[in-house]
Amino acid sequence: MRVPVLAYHAVNIAGNDYANNDHVAFAADLRLIDDLGLRIVPLQWVVEQVLGTASRDLDRCVALSCDDGSAFDFHDLVHPEHGPQRSLYNVMRDFIAERGANAQPDLHLTAFVIASPEARDAMDKACLVGRGWMSDDWWRQAQQTGLIAIENHSWDHNHPCLDAPGPDGMPRGSFLDVNNRIRAKEEIAAAARFIDARIAPAQTRIFCYPFSHVADYLRTDYFPNCGSEHGMLAAMGDGAEPVTEFSDRWDLPRYICGWHWKSPDVLRGILAG
Ligand SMILES: [Zn+2]
């Protein structure tokens, strides 16, 4: 198995071109992946393959994910500067309408969302424009479409805009400071419980490290040893290589749009391996 996992951020809207708008890139990339004869599969399948709990043919496959759980993942919204934006969900619907449901029968996007309503509200005001774009009212509906899985991107991202300190005196701004059991329980297990209550009967099973900060304590201790507390099966980092059966389940690599690639040509190279 050699599956590249691609990551997008729907709030990355600095224009309306491939290089500065993740919605534009996502739409183009779906078509590029399809044109290359690759198959899009759910990230969950890739995780199950790494864990050995499933044995699917994942030859020439790609998995898709998006981070931070803004409403731009699911709803078309009007950006104050750059105008109407097609949601990542509707970009997938457009792709299906254009190429047919059989073109990519397993088309799927895994959306990593932030649990805490207070933290989302603070980020909405500090980092966006305070229009309620970090709500959770779309999670259940998105999950029920079958095209999106809602997964765990922590309790509050330990974002620098939040009141300090965080749990157990944790300084704000780095996820590397999630380095003990008290902080981990708050950031990961509490987030899983909150999100699960909103998407039931679905359940979160995959974590994604905020800021791609793979805290050593989490990777080597909390995740492997406290499974009954957090319920996660795997965690996503940013290793910029394909996931293989030899990947570390607590630091599965991804490629980040706008960082590891900014053009279809570079993505083509990544996908060609
Ligand atoms: Zn994030």
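Residues numbered from 1 in each chain as written. Predicted model: local features only at pLDDT ≥ 70, side-chain atom pairs only at ≥ 80, totals over all residues. Heavy atoms only, no water.

**Here's the deal with the packing of aromatic side chains**
Part 1: Applying the stated criterion to the full structure yields 14 aromatic pairs.
Part 2: The rings of F175, F207, Y209, Y217, Y222, F223 and W250 are connected pair by pair, giving a single aromatic cluster.
Part 3: Above the ring of F194, the side-chain terminus of R198 is found at 3.6 Å from the ring centroid. (Phe/Tyr/Trp six-rings, centres within 6.5 Å; stacked < 30°, edge-to-face > 60°. Lys NZ or Arg CZ within 6 Å of the ring centre and 35° of its normal.)

**Looking at helix 3 (residues 88-99)**
Part 1: Here helix 3 spans 17 Å end to end across twelve residues, near enough to the 16 Å set by a 1.5 Å rise per residue.
Part 2: Considered for burial, the residues of helix 3 that qualify are L88, Y89, N90, V91, M92 and F95.
Part 3: In this structure, the buried residues of helix 3 make contact with helix 1 (22-35), strand 3 (61-67), strand 6 (109-113) and strand 7 (148-152).
Part 4: Where helix 3 ends, the next residue or the one after it, G100, has phi of about 90°, a positive value. (Helix = DSSP H or I, 4+ residues; strand = E, 2+ residues; numbered from the N terminus. Expected span 1.5 Å × (residues − 1). Buried < 20%, exposed > 50% of the residue type's maximum accessible area, 1.4 Å probe, protein only. Contact = heavy atoms within 4.5 Å.)

**As for the pattern of salt bridges**
Part 1: Under the counting rule described, the total for this entry stands at 17 salt bridges.
Part 2: Across the pair D156 and R172 runs a salt bridge, and its minimum N-O distance is 2.9 Å. In this pair, D156 sits in the loop between strand 7 and helix 6 (181-199) while R172 sits in the loop between strand 7 and helix 6, placing the two residues 16 residues apart along the sequence.
Part 3: Judged by its relative accessible area of 4%, D156 is buried.
Part 4: Among the residues examined, R172 registers a relative accessible area of 21% and is labelled partly exposed.
Part 5: In this structure, R183 and D168 form a salt bridge, with 3.5 Å as the shortest nitrogen-oxygen distance. Of this pair, R183 sits in helix 6 while D168 sits in the loop between strand 7 and helix 6, and the two are 15 residues apart along the sequence.
Part 6: Assessed through its relative accessible area of 10%, R183 is described here as buried.
Part 7: The class of D168 is partly exposed, set by a relative accessible area of 41%.
Part 8: Among the charged side chains, a salt-bridge network with shared partners connects R31, D34, D35, E98 and R99. (Salt bridge = Lys/Arg side-chain N within 4 Å of Asp/Glu carboxyl O.)

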